[in-house]
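# Observations on the model geometry
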Amino acid sequence: MYKQFKKECLENIDGQSADIEYQDLSRKWQLKSFQHKYMYNFEVLGRPIIQYPQDMTAIQELIWNIRPDLIIETGIAHGGSLILSASMLALLDMTDAIESGVVIDPGTSQRKVLGIDIDIREHNRSAIEAHPLASRIQMIQGSSIDFGIIDLAKEIASDHQCILVCLDSNHTKDHVLAELEAYAPLTSIGSYCVVYDTIVDDMPASTFPNRPWGPGDNPKTAIREYLKNHPEFEIDKSIQQKLLITSAPDGYLKRVK
Ligand SMILES: C[S@@+](CC[C@H](N)C(=O)[O-])C[C@H]1O[C@@H](n2cnc3c(N)ncnc32)[C@H](O)[C@@H]1O
């Protein structure tokens, strides 16, 4: 039953991929959504997140399938993406406990989220630290491309076996390229380095007034550059093909070797 259902889903997704009108509509819808700041409308377990619900669903699927014990995120803002990751790690511990009968104390669980942000606002920091999932979250303040911060992240990563990386901080090409050089190698084989806001490249320049990024200078252009010398990563197009609405077209990078 399940196999047949999944086969039909894949056929539907192939149909979406071949439907140019549907894809144009999705792009047009996304342009409108930027104008209305749609991606600011949501919360995860009480903390605002700046994502499309579609990408939140994709992350949920990735975490469930990869079962990471460390998720590294650049770009914290209000903390919603940290809480989403932490909640999925808590569910992995809970489902492990149900299957094995061995309950892990959340305070001693190996499964953690590391968040890095150049400017962790006090009200955000206190709300994240007061959250019931806080024991799974470690925050570091500093630029994600600062060598001291990168060294700290590498030291933390060295205690973990399966790592997922999400890049969502400054969206200029140079910054994301430096982040990819620093953090993508920490991604475990079979896991992903998710690079958000590649969509910037597909939108008109006027969409991002007062921002240093835009078409031609953004996370997608950084990925193009990075992949020239990094065959260990491949763009997993199957994710954007099923989402259609995503801030990360060509941004779901799978580590294949
Ligand atoms: C789009 S928000 C992150 C949203 C968050 N991941 C979420 O899903 O809710 C971008 C964040 O990147 C941070 N940022 C900007 N430049 C940075 C840098 N050089 N290093 C680390 N963080 C940076 C900003 O302070 C901001 O909080």
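Preceding this paragraph is the structure being described.
Below: a short report on this structure. (Residues numbered from 1 in each chain as written. Predicted model: local features only at pLDDT ≥ 70, side-chain atom pairs only at ≥ 80, totals over all residues. Heavy atoms only, no water.)

## Comments concerning a negative patch on the surface
For the record, the criterion: Residues with no salt bridge and a relative accessible area higher than 30% make up the patches, which join like charges within 9 Å and nonpolar side chains (Val, Leu, Ile, Met, Phe, Trp, Tyr) within 5 Å. Under the convention used here, a 1.4 Å probe and the Shrake-Rupley method define accessible areas, while residue burial counts only the protein chains that appear. Salt bridge, as used here: a side-chain nitrogen of Lys or Arg that lies within 4 Å of a carboxyl oxygen of Asp or Glu. The sign given to each residue is positive for Lys and Arg and negative for Asp and Glu; His and the chain ends receive no count. To locate a charge, take NZ of a lysine, CZ of an arginine, CG of an aspartate or CD of a glutamate. Where helices and strands are cited, they refer to DSSP runs of H or I of at least four residues and of E of at least two residues respectively, numbered from the N terminus.
Judged by side-chain charge, Asp146, Asp151, Glu155 and Asp159 come together as a negatively charged surface patch. Topologically, Asp146 is positioned in the loop between β5 (137-141) and α6 (147-157).

## As for empty space enclosed by the protein
Which entries qualify depends on this criterion: Whether a set of points on the 1 Å grid over the protein atoms alone is a cavity depends on a 1.4 Å probe fitting there but being unable to get out, while an open set qualifies as a pocket with protein on both sides within 12 Å along at least five of seven lines; lining residues are those with an atom within 4 Å of a point. Grid points are joined across faces, edges and corners, and a volume is the space filled by probe spheres set on the points. Any residue that is not Ala, Val, Leu, Ile, Met, Phe, Trp, Tyr, Cys, Pro, Asp, Glu, Lys or Arg is counted as polar, Gly included; the first ten are nonpolar and the last four charged.
For the coordinates displayed, the defined rule picks out one cavity of 30 Å³ or more. For the largest cavity, the calculated volume is near 70 Å³. Put simply, the parts of the chain that give the lining of the largest cavity at least two residues each are α3 (53-66) and α4 (80-100). Residues belonging to the lining of the largest cavity are distributed by class as follows: six nonpolar, three polar and two charged.

## Structural notes on the pattern of salt bridges
What counts is decided by this rule: For each residue, the accessible area found with a 1.4 Å probe, counting protein chains only, is set against the maximum for its type, and the residue is called buried under 20%, exposed over 50%, and partly exposed in between.
One pass over the full model with this rule turns up 14 salt bridges. Across the pair Arg111 and Asp96 runs a salt bridge whose closest N-O atoms are separated by 3.0 Å. Placement of Arg111 in the loop between α4 and β4 (112-117) and of Asp96 in helix α4 is noted, with a sequence separation of 15 residues between them. Owing to a relative accessible area of 11%, Arg111 belongs among the buried residues under this scheme. Judged by relative accessible area, Asp96 falls into the partly exposed class, the value being 24%. A salt bridge links Asp202 to Lys220; the shortest N-O distance between them is 2.8 Å. Highlighted residues: Asp202 in the loop between β7 (192-195) and α8 (219-228) and Lys220 in helix α8, separated in sequence by 18 residues. A network of salt bridges, in which partner residues are shared, links Arg67, Asp93, Asp96, Arg111 and Arg136.

## Digging into the packing of aromatic side chains
The line we're drawing: What counts as a ring pair is set by centres within 6.5 Å for rings of Phe, Tyr and Trp (its six-membered ring), and what kind of pair is set by the plane angle: stacked under 30 degrees, edge-to-face over 60, tilted for all other angles.
The final tally for this structure, using the stated rule, is six aromatic pairs. On the numbers, 4.9 Å between centres and 80 degrees between planes, the contact of Trp29 with Tyr38 is edge-to-face. Using a relative accessible area of 23% as the deciding quantity, one classes Tyr38 as partly exposed. Taken together, a centroid distance of 6.0 Å and an interplanar angle of 35 degrees make the contact between Tyr38 and Tyr52 tilted. Within this pair, whereas Tyr38 is found in the loop between α2 (20-35) and β1 (42-44), its partner Tyr52 is found in the loop between β2 (47-49) and α3, the two being separated by 14 residues in sequence. Here a set of aromatic residues connected by ring pairs shows up, and it is made of Trp29, Tyr38, Phe42 and Tyr52.

## What about the sheet that holds β7?
For the record, the criterion: DSSP-based pairing: two strands are paired if at least 2 bridges between them are found. Whenever a helix is involved, its axis is fitted only over the stretch in contact; in every case the axis is a line through C-alpha atoms, and angles between N-to-C directions fall within 0 to 180 degrees.
Pairing within the open sheet is mixed, and its seven strands lie in the order β5-β4-β3-β6-β7-β9-β8. Each having just a single partner strand, β5 and β8 (233-235) make up the two edges of the open sheet. Strand-to-strand twist in this sheet, taken as the mean axis angle between neighbours without regard to direction, amounts to 20 degrees. Strand direction decides the pairing type here: β4 and β5, joined by five bridges, are parallel.

## Considering the nonpolar core
In plain terms, the rule: Among buried residues, those of type Ala, Val, Leu, Ile, Met, Phe, Trp, Tyr and Cys that are joined through side-chain atoms within 4.5 Å constitute a nonpolar core. Only heavy atoms matter for contacts: two residues are in contact if any of them lie within 4.5 Å across the pair.
Counting residues in hydrophobic clusters, the biggest one holds 34 residues, and the most contacted among them are Ile59, Leu62, Ile63, Ile137, Tyr192, Val194 and Tyr252. When contributions to this core are tallied by element, the ones reaching two or more residues are α3, α4, β5, β6 (163-167), β7 and α9 (237-243). Residues contacting Val194, with those up to four places away along its chain left out, are Ile59, Leu62, Val165, Cys166, Leu167, Gly251 and Tyr252. Counting 27 residues, the second-largest nonpolar core is a separate cluster that includes Ile163, Leu167, Leu177 and Cys193.

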